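# Survey of secondary and tertiary structure
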Amino acid sequence: MPDRQINDALRNIAIIAHVDHGKTTLVDAMFRQSGLFRAGQQVDERLMDSMDLERERGITIAAKNCSATWKGVRINIIDTPGHADFGGEVERAISMADGAILLVDASEGPLPQTRFVLKKALAAGLKIIVVINKIDRQDARPAAVLDEVYDLLIDLDATDEQLEFPLFYAIGRQGIAVRQPEEPGENLHLLFDAILEKIPGPAHDPVAPFQMLVSDLGYSDYLGRLAVGKVFNGSARSRDRLVCIGRNGEPVPLKVSGLQIYEGTQLEAIDEVQPGDIVVLAGLDEVEIGDTICTQADPRPLPRISVDAPTVAIKFSINSSPFGGQEGKYVQSSRLRERLQKETLVNVAIQVEEADDRDSLMVKGRGEFQLAILIETMRREGFEFCVSRPEVIFRQVNGEKHEPIEKLLVDCEEQFLGVVTEKLSLRKGRMTNMVNHGTGRVRVEFSVPSRALIGYRDEFLTDTRGTGIMNSLFDGYGPYRGDCPSRFTGSLVADRAGKAVPYALFNLEPRGRLFILPGTPVYEGMVVGEHNRSQDIDVNPCKEKKLTNMRAAGKDEHVILTPVKLLTLEQAISFIAEDELVEITPKSIRLRKAVLPAQQRATMAARKRKSA
């Protein structure tokens, strides 16, 4: 077998970091300093966060490609998500990269997602450059964070070669990278030079035929379906006759109608692609992530992209409430099924299965946040549907029930440590580590069942007065830890249809926390609030004050309601109980019982008590 050759005109790097460690800001600075924009050109901040949801939330959701040119070498940059729930995006990105920049906050240090991505990068044999970012923070501790990075690499069984990584200290916002934290810096030129020097160009077999692994999918109104991926071997020209080898191993003929590469954030058409190029290829009717595109004369499939199995499932069903079909554009189960199947093509971490009834589907993913982003995206597209409470996916191992376990990292003030530990121990959490840097804040690690964290985030923020930081990472499956409470309160359920009245809501306030405003339309079975006690109660939010001809001083004063904080989508999904649903429409988010008539719910509850 001939020696593999290196394409020195290219570098493919993934930029990996935890949420909010400054990854997208650093990519912006790399664009500006590589000469991509002309002097004085107006450019948006966080250029790579192109989705509306990414800009609103300040996080990266989908892995995206772009390129910068430095000293005549094209550097393909793959911007990856920093949230553990979008791990499938990271696995796709790593399949295209030959090296990675690991970005770590100078104060927070390596967090769970840093560990997850680094483990994947080391397993893929990528060359790592470590950048400790935000060294201008008042609480920056770069020396201690560097020790933590070494500890993490050793813990992940890194080789001696991987431990000898190039190290930089950066202020991404100012576009500065230096070798030592005390050095004055002006630009990112040292980092660019290190990428060319330390990250190898893509290797390829000079005699092998054309092979490209599909890592992402796109769509163009002009070119149709697009396949994005890295060319592992060989070259291809526009109009070449190639084949696509899918999951079943059968080659399907295709004719390339267009070849494009990334020039900055835009696509540029080219006639021929070389080994190592990250290519956007048009001319396919049916293609999936993980397929191999190769020559018709010598079809050789590449190993498919493998991703970790999903751990959480949510049931999607049609909206069967009295308000169904009033606000949405797409309400039929066939439309819902078609949209979810389309999602599985572009998101390798999502699985869709048929549920018990024909109007429902089980959607499985990495975490409740990933599924909440999918729900919000569909809602904005005009879909109307209902979703159930997230449930974890159990496994049987040697006849024993196992459940997904999370590694939970909590950063909070010392005074709140007691209440956080108590709440997590009730949820079957076990403390595994605690670090106190003497700053008034402590960092604690817990091992907690995934199901126990559903709905806990809001409680955690309340307990820590909004000052706590909580990050979790899937840590494998472990033996079932026993039953734990998911919610200590019941629901206030409307017993009739109508419009909520201030007088009625004022009288319901002592019962608990309300979720609706005066004038909100309600129906029987709709959840209008959280009850103080553990059981549900039926209430009448439409009850008006009885009018009489008797008057007394002060009788007709206006009622003053406590301000109501409407639930966000994530809060609604994590709040509902097993017998409740969230009704999602483009305009509204409502909570409701799965069975709406009060009489029917009472009969079912009595039957359940009798059987128990």
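Please read all numbers here as calculations on a predicted model, not as lab measurements.

## Section: the overall build of the chain
Check the secondary structure of the chain and you find 15 helices and 37 strands. Counting only residues that meet the buried cut, the chain has 52% of its 612 residues in that class. In the chain, the share of contacts with a sequence separation of at least 24, taken over all contacts with a separation of at least 6, comes to 71%. Total accessible area on the chain stands at roughly 29,000 Å², and carbon and sulfur atoms take up 48% of it.

## Side note on the packing of aromatic side chains
Following the criterion strictly, the structure yields 8 aromatic pairs and no others. Geometrically, the ring pair formed by Phe-515 and Phe-575 is edge-to-face, given 5.1 Å between the ring centres and 90° between the ring planes. Placement of Phe-515 in the loop between strand E32 (512–514) and strand E33 (521–522) and of Phe-575 in helix H14 (residues 569–575) is noted, with a sequence separation of 60 residues between them. Here Phe-515 and Phe-575 have matching classes, each one buried.

## Focus on the nonpolar core
Leu-118, Ile-128, Val-130, Ile-132 and Leu-153 are the most contacted members of the largest nonpolar core, which has 43 residues in total. Among residues more than four places away in sequence, those in contact with Val-130 are Leu-102, Val-149, Phe-165, Pro-166, Leu-167 and Phe-168. If you look at the next biggest cluster of nonpolar residues, it comprises 29 residues, including Leu-340, Phe-385, Phe-515 and Ala-572.

## Comments concerning the pattern of salt bridges
With the rule as written, the count across this model stands at 32 salt bridges. The partner of Arg-337 in a salt bridge is Glu-354, with the nearest N and O atoms 3.0 Å apart. Pair noted here: Arg-337 is in helix H8 (residues 333–346) and Glu-354 is in strand E21 (residues 351–354), with a separation of 17 residues, a long-range link. Residues Asp-536 and Lys-593 are paired through a salt bridge, measuring 2.5 Å at the closest nitrogen-oxygen approach. Of this pair, Asp-536 sits in the loop between strand E34 (526–531) and strand E35 (537–539) while Lys-593 sits in strand E37 (residues 589–593), placing them 57 residues apart in sequence. Asp-536 gets classed as partly exposed once you look at its relative accessible area, which sits at 36%. Look at Lys-593 and you get buried, because its relative accessible area is 1%.

## A look at the pairing of strand E36 (residues 580–584)
When you tally the buried positions in E36, you get 5 out of 5 residues, the bulk of the element. Burial of E36 is two-sided: the residues Glu-580, Val-582 and Ile-584 facing one way and the residues Leu-581 and Glu-583 facing the other way are all buried. Across 3 bridges, strand E23 (residues 385–387) lies against E36 in antiparallel orientation. Paired with Phe-385 across the two strands is Ile-584, which belongs to E36. Counting the residues that bridge the hairpin from E36 to E37 gives 4 residues.

## Thoughts on the side chain of His-531
Position of His-531 among the secondary structure elements: in strand E34. Apart from the residues within four sequence positions on either side, His-531 is in contact with Thr-489, Gly-490, Ser-491, Leu-492, Arg-511 and Ile-537.

## Describing the confidence of the model for the chain
On average, residues of the chain score 81 in pLDDT, and 90% of them are at 70 or above. The low-confidence segment residues 37–51, where pLDDT is below 50, has 38 contacts with residues more than four positions distant or belonging to other chains.

## Comments concerning unusual backbone geometry
Even without being a glycine, Lys-71 presents a positive backbone phi close to 55°. Assignment of secondary structure puts Lys-71 in the loop between strand E3 (64–70) and strand E4 (73–79).

## Describing the environment of Glu-148
Relative to the elements of secondary structure, Glu-148 occurs in helix H5 (residues 142–155). The spacing of Glu-148 and Pro-110 is 38 residues in sequence and 6.9 Å in space, taken between C-alpha atoms. In this view, Glu-148 contacts Glu-108, Gly-109, Pro-110, Arg-141, His-437 and Arg-443; residues no more than four positions away in its chain are not counted.

## So, the packing of helix H10 (residues 417–426) against helix H12 (residues 456–463)
Contact pair H10 / H12: the axes reach a minimum separation of 10 Å and the direction vectors enclose 155°. By the angle class used here, H10 and H12 are roughly antiparallel. Crossing hand, H10 versus H12: right-handed. Contact residues: Val-419, Val-420, Lys-423 and Leu-424 in H10; Tyr-456, Glu-459, Phe-460 and Asp-463 in H12.

## Overview of the environment of Tyr-477
Turning to its location among the elements, Tyr-477 is positioned in strand E29 (residues 469–479). A distance of 2.9 Å separates a polar atom in the side chain of Tyr-477 from the backbone oxygen of Ile-393.

## Things to note about the pairing of strand E27 (residues 430–436)
Here 6 bridges tie E27 to strand E28 (residues 441–449), and the two strands are oriented antiparallel to one another. Counterpart to Met-431 in the pairing with E28 is Phe-446. From the end of E27 to the start of E28, which pair antiparallel, there are 4 residues, and Gly-438 there has a positive phi angle of about 80°.

## Considering the packing of H8 against helix H9 (residues 368–380)
Two elements in contact, H8 and H9, have axes separated by 12 Å at closest approach and are oriented at 130°. One element, H8, and the other, H9, form an angle in the oblique class. The hand of the H8/H9 crossing is right-handed. For the pair H8 and H9, the contacting residues are Leu-336, Arg-339, Leu-340 and Glu-343 in the first and Leu-374, Thr-377 and Met-378 in the second.

Reading the values: rules and limits
Counting of residues starts from 1 at the beginning of each chain's written sequence and follows it residue by residue. Local features in this predicted model are restricted to residues of pLDDT 70 or higher, and side-chain atom pairs are both shown and tallied only at a pLDDT of 80 or more, whereas totals for entire chains, interfaces and linings draw on every residue. Values reported for side chains reflect all heavy atoms of the structure, with hydrogen atoms and water molecules removed beforehand. Only DSSP runs of H or I with at least four residues qualify as helices, and only runs of E with at least two residues qualify as strands; both kinds are numbered from the N terminus onward. Exposure classes here rest on a 1.4 Å probe applied to the protein chains alone. A residue is buried below 20% of its type maximum, exposed above 50%, and partly exposed in between. Any pair of residues with heavy atoms lying within 4.5 Å of one another is described as a contacting pair. Per-residue and other accessible areas follow the Shrake-Rupley method at a 1.4 Å probe size, with only the shown protein chains counted as cover for residues. Stacked, tilted and edge-to-face are the three classes assigned to paired rings of Phe, Tyr and Trp, where Trp is represented by its six-membered ring and a pair needs centres within 6.5 Å; plane angles under 30 degrees give stacked, over 60 edge-to-face, the rest tilted. Buried Ala, Val, Leu, Ile, Met, Phe, Trp, Tyr and Cys residues that are joined via side-chain atoms within 4.5 Å together make up what is termed a nonpolar core. Throughout this description, the term salt bridge denotes a Lys or Arg side-chain nitrogen within 4 Å of a carboxyl oxygen of Asp or Glu. By the convention used here, strands pair only if DSSP detects at least 2 bridges between them. The quantity known as pLDDT measures the predictor's confidence residue by residue, on a range of 0 to 100. The angle between two axes is taken between their N-to-C directions and runs from 0 to 180 degrees, where each axis is a line fitted to C-alpha atoms and a helix contributes only its stretch in contact. Each angle gets one of four labels, with under 35 degrees taken as roughly parallel, over 145 as roughly antiparallel, 65 to 115 as roughly perpendicular, and the rest as oblique. Left-handed is the label given to a crossing in which the near helix is rotated counterclockwise from the far helix by less than a right angle, and right-handed is the label when the rotation is clockwise. Polar contact is defined as a pair of N or O atoms within 3.5 Å, subject to the rule that within protein one atom must be able to donate a hydrogen and the other to accept it, and that residues adjacent in sequence are counted only when both atoms are side-chain atoms.

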